[in-house]
Amino acid sequence: MANKKTADLKVNLGKLKLKNPVMTASGTFGYGDEYSEFIDINKLGAVVVKGLSLKPKEGNPPPRIAETPAGMLNAIGLQNIGIDSFIKKKLPFLRQFKTPVIVNFFGDSIAEYVKTAKKLNAIKGIHALEMNISCPNKQAGWSIFGTDPKVTFKVVSEVRKMTDLTLIVKLSPNVTDIALMARVAEDAGADAVSLINTLTGMAIDIKTKRPKLANITGGLSGPAVKPVAVRMVWECYKSLSIPVIGMGGIISAADAIEFILAGASAVAVGTGNFINPEATVNIIKGIKSFMLSEGIKSIKDLRGSVKC
Amino acid sequence: MSRLFKASVSENKELIKNHYLLTLNPLKKIKKPEPGQFFMLSVDKGLDPLLKRPLSIHRLTGGNLQFLYRVVGSGTNILSEKKTGDILELIGPLGKGFPFKKTQKNIILVAGGLGIAPIFALAETLAKIPPPAPPVLLFQGARTEDEVLCIDKLKSIGIDPIISTDNGTLGEKGNIVSVLKKYLTRHSLPVNRYILYACGPEPMLKSLSSLAIKHKLKGYIALEQHMACGLGTCLGCVVNTIDGYKRVCKEGPVFPIEKIVW
Ligand SMILES: Cc1cc2nc3c(=O)[nH]c(=O)nc-3n(C[C@H](O)[C@H](O)[C@H](O)COP(=O)(O)OP(=O)(O)OC[C@H]3O[C@@H](n4cnc5c(N)ncnc54)[C@H](O)[C@@H]3O)c2cc1C
Ligand SMILES: Cc1cc2nc3c(=O)[nH]c(=O)nc-3n(C[C@H](O)[C@H](O)[C@H](O)COP(=O)(O)O)c2cc1C
Ligand code: FES
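Predicted model only: the values in this text are computed from it and were never measured.

### Structural notes on the site of ligand 2
All names here are of chain A. With respect to spatial proximity, 23 residues lie near ligand 2, and among them S26, K170, G222, G249 and T271 are the closest. N132 is positioned with one of its side-chain polar atoms (N or O) 3.2 Å from an oxygen atom of ligand 2. Between ligand 2 and G222 there is a distance of 2.8 Å, counted from an oxygen atom to a backbone nitrogen or oxygen. Of the residues contributing to the shell around ligand 2, the split by class is 6 nonpolar, 15 polar and 2 charged.

### Some details on the site of ligand 1
Close to ligand 1 lie 20 residues, the nearest being E67 of chain A together with P54, G75, T76 and E224 of chain B. Those chains with residues close to ligand 1 are chains A and B. One of the side-chain nitrogen or oxygen atoms of R53 of chain B is found 2.8 Å away from an oxygen atom of ligand 1. Within the side chain of S56 of chain B, an N or O atom sits 2.9 Å from a nitrogen atom of ligand 1. Isolated, ligand 1 exposes 830 Å² of accessible area, and the fraction of that covered by the protein chains is 83%. Contributing elements (two or more residues each) for the shell around ligand 1: β4 (53–56), β6 (64–70) and α1 (74–80) of chain B. Here the element with the most residues in the shell around ligand 1 is β4 of chain B; it accounts for 4 residues. By residue class, the composition of the shell around ligand 1 is 9 nonpolar, 7 polar and 4 charged.

### Some points on the packing of aromatic side chains
Inspection of the entire model under this criterion finds 12 aromatic pairs over all chains. Here F29 of chain A and Y35 of chain A contribute two aromatic rings whose centre-to-centre distance is 4.6 Å and whose plane-to-plane angle is 10°, an arrangement assigned as stacked. Both rings, one in F39 of chain B and one in F67 of chain B, keep their centres 5.6 Å apart while their planes meet at 85°; by these two values the pair is edge-to-face. One end of the pair, F39 of chain B, is in strand β3 (residues 38–42); the other, F67 of chain B, is in strand β6, with 28 residues separating them in the sequence. In this pair, the class of F39 of chain B matches that of F67 of chain B, namely buried. In textbook terms, an aromatic cluster arises when at least three aromatic residues are bridged by ring pairs, as seen for F29, Y35 and F38 of chain A. The aromatic ring of Y245 of chain B is capped on one face by R64 of chain A, whose charged end is 4.9 Å from the ring centroid. Here the basic side chain of K238 of chain A rests over the ring of W234 of chain A, its NZ or CZ set 3.5 Å away from the ring centre.

### Looking at the pairing of strand β7 (residues 87–94) of chain B
Residues and elements named next belong to chain B. Of all 8 residues making up β7, 7 are buried, and the element is well covered by its neighbours. Bridge analysis of strand β1 (residues 4–16) against β7 gives 5 bridges, and the strand direction is antiparallel. Bridge assignment links F5 to a residue of β7, and that residue is L90. In the sheet, β3 pairs with β7 via 4 bridges, with the strands oriented antiparallel. For F38, the partnering residue across the bridge sits in β7 and is L94.

### A look at the sheet that holds strand β11 (residues 172–173) of chain B
Each strand in a sheet pairs with its neighbour through backbone hydrogen bonds, running either in the same direction (parallel) or in the opposite one (antiparallel). All names here are of chain B. Within the open sheet, the 7 strands sit side by side as β11-β10-β9-β8-β12-β13-β16. Their pairing is mixed. In this open sheet, the two edge strands, each paired with only one partner strand, are β11 and β16 (254–256). With 5 bridges joining them, strand β12 (residues 194–199) and strand β13 (residues 218–222) adopt parallel strand pairing. Looking at β13, one finds that I195 is bridged to K218. Of the strands in this sheet, β8 (106–112), β9 (136–142) and β12 are in contact with helix α2 (residues 116–127), which crosses β8 at around 155°. Strands β8, β12 and β13 of the sheet are contacted by helix α5 (residues 202–214), whose axis makes an angle of about 165° with β12.

Thresholds, definitions, all that
Residues numbered from 1 in each chain as written. Chains lettered and ligands numbered in written order. Predicted model: local features only at pLDDT ≥ 70, side-chain atom pairs only at ≥ 80, totals over all residues. Heavy atoms only, no water. Near = heavy atom within 4 Å. Polar contact = N/O pair within 3.5 Å; in protein donor to acceptor, adjacent residues only side chain to side chain. Nonpolar A, V, L, I, M, F, W, Y, C, P; charged D, E, K, R; others polar. Areas by Shrake-Rupley, 256 points an atom, 1.4 Å probe, with all protein chains shown as cover. Helix = DSSP H or I, 4+ residues; strand = E, 2+ residues; numbered from the N terminus. Phe/Tyr/Trp six-rings, centres within 6.5 Å; stacked < 30°, edge-to-face > 60°. Buried < 20%, exposed > 50% of the residue type's maximum accessible area, 1.4 Å probe, protein only. Lys NZ or Arg CZ within 6 Å of the ring centre and 35° of its normal. Pairing = 2+ DSSP bridges. Contact = heavy atoms within 4.5 Å. Axes fitted to C-alpha atoms, helices over the stretch in contact; angles between N-to-C directions.

Put into C-alpha cells, the structure is as follows:
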C-alpha cells in the first residue's frame, strides 16, 4: 500500500483559515499588484497590505532608507493612499485571488482607530484587520498606543467593538516586557498578535556628521533583528492563548521554521521581499519539503516545539 | 513576464581608477530597457550588503547589458571584483526612462560625472533615429580629464561633446552648468525649439534646474535616491515634487525638470 507522504500547512488565526502560514509583512508588499509579476499570489497564506489610514498620508521627507549590516533602517512615516483609494483602486485587484486580504491600519487617535476599523469592517473582500500600534516613525506621543499598556488596552478594546473580522494587534518591540503588552492585547479582545514591528534605530554618516535618515531615527528590519524577534515570539507564545504571527528578518524557510518552533502560528516576510521578490513562495516550498523530509504531518506539530 | 533574472558576467573592465564597465549576458530573454531605466543588481549572496544596487542601463550590445559604474562603497566594491562567468541576479528594467520618441526639438544633453552612463544610452538611441533625426548637443562635465568617459564611443555616433572639468585639464575649467549657461546666452538659442535631458550629481541638477526655469527651457532629469525594493512598494525612494512625494523607482527616475522641489 502506497503511503503517500503529505504535509498539512493549514493554520487558523481566529476565524481566519490560511492554506499555509506564510504572509507578507505590511509595508513591504505594497497592495500586492507590484509583486504579481514575480509570484502567484494564490500561493500565499495571506496578503497584508501597506498600513492605511482614514485619509491619505504624505509620510516623512527623504532620505527615508539607510542600509545597515544585514538590515535596513526605514522612516517612511506611514505614507499611504488612504482607505477610500485603497478600496476603489487596489482591493478589486486583490479580490481576484483565493488568498485572504489582511488590512493593516492605524490612526492618530483612539477615535480615528475606531472610525477606520468600522469603515473597513463593512467592506467585502477584507478578511482580517491588523491594527498597527507600533510604528517607530510617527511623531512623539504616538508611540503610547503600543507602549503604554493602559492606552493599548483602551484602543484595542474600542476597535474590538467595531469589528467581527479577525483582529490582529501588531506589537512594538520597543518595550521592556513584550509578553505583558501581548497579554493586554489578548485581554482587550485581540484574536491574534503579530510581532515584531521594526526596532527603533539610528545611523550616522561620519563624514557629514549627519544622521543618514532625514527623520534622524528609523525602524530596523531584516536579518539583523531576527534573534530579537524569535525571542519575543517565544515569550509571547508562552504567555498567550491566542495565535502569534512571527516576523523580523525572515528570508528563508529555515528562518520561518525557527519562528514556528518558537511558537508562531504564522509568519510574515518583510524585508525579505526586497532581497528576493520570490522569497515568500520559496519559503512556502521550503517549509513543505522540510516537513516531508522530517516526517512532520502537520505544521501544528512544529508550533512551539522548541526544546528548552 | 517576470523581470527577475540571472545574468553571467561577460566582462568587468576597469576603465580608469574606480570606474568600471560591466557587460552582462542575461540567462533568459528580458524586456528591452529604455534609456534612463535602471536595474537592481544583487552584488552578493550574503547578508551584507543586503539590498540590491540600482544602476542605469548604459548600453545594449547584441543582447548584452552594459553598466558604467563608479566604486563608492561596499556594494560597488564587491561588484568591481566580479570575474567573467560569475552569475548575478537582477531585476529590471525598472522605472520610466527619458521620453524622447515624439520629440521634434533640438536636443541638449547634459551629463555630470557618472551621469554619462544613462545620457550615453540616450545619445546612442537618438543617433539611431532615421533622418531627419533631431540635432543633438552634449555638454559633459567631470572632475578631471581622466574621468571624462565615453569620448570615443560618442565620437563613433557622431557626437563631439562640449566638455568642462573641475580642474581644467580638459575643456573649460569649471562646472558644466555654467558652460551651458554661457552657451545659451552667447548663442541666444530659441529655447522653445530645444529640449534638455540631464543626469548627474544633485548640486549640478539643482543649478541646472534653476537655469532651465530661468530660460524657460523644458526638459527631463534622471534622479537618484536610496532604494530598497526598486518596484514601488516600500516608498523608500521618494523625492519631493510640486505634486508631492514621488517614487524615483516608479514615477522616476526621470522627472520633468520643473517638477522637482530642491
Ligand atoms: C536609478 C539609479 C541609477 C543609478 N545609476 C548608476 C550608474 O549608472 N552608475 C553608477 O556608478 N551609479 C549609479 N547609481 C548610484 C548607485 O546606485 C550607488 O553608487 C550604489 O548604490 C552605491 O552602493 P555602494 O554599496 O557601493 O555604496 P554605499 O555608500 O556603501 O551604499 C550604502 C547604501 O546606500 C545606497 N546608495 C549609496 N549611494 C547611492 C546613490 N547615489 N543612489 C542610490 N543609492 C545609493 C546603496 O545602494 C546602499 O543601499 C544609480 C542610482 C540610482 C538610484
Ligand atoms: C519599508 C518598510 C515599511 C513598513 N511599513 C509598515 C506599515 O505600514 N505598517 C506596519 O505595521 N509595519 C510596517 N513595516 C514593518 C514590517 O511589516 C515588519 O514588521 C518589519 O519590517 C520586520 O520584518 P522584516 O525584518 O521581515 O522586514 C514596514 C517595514 C519596512 C521595512
Ligand atoms: S525603492 Fe521601494 S518604492 Fe522605490
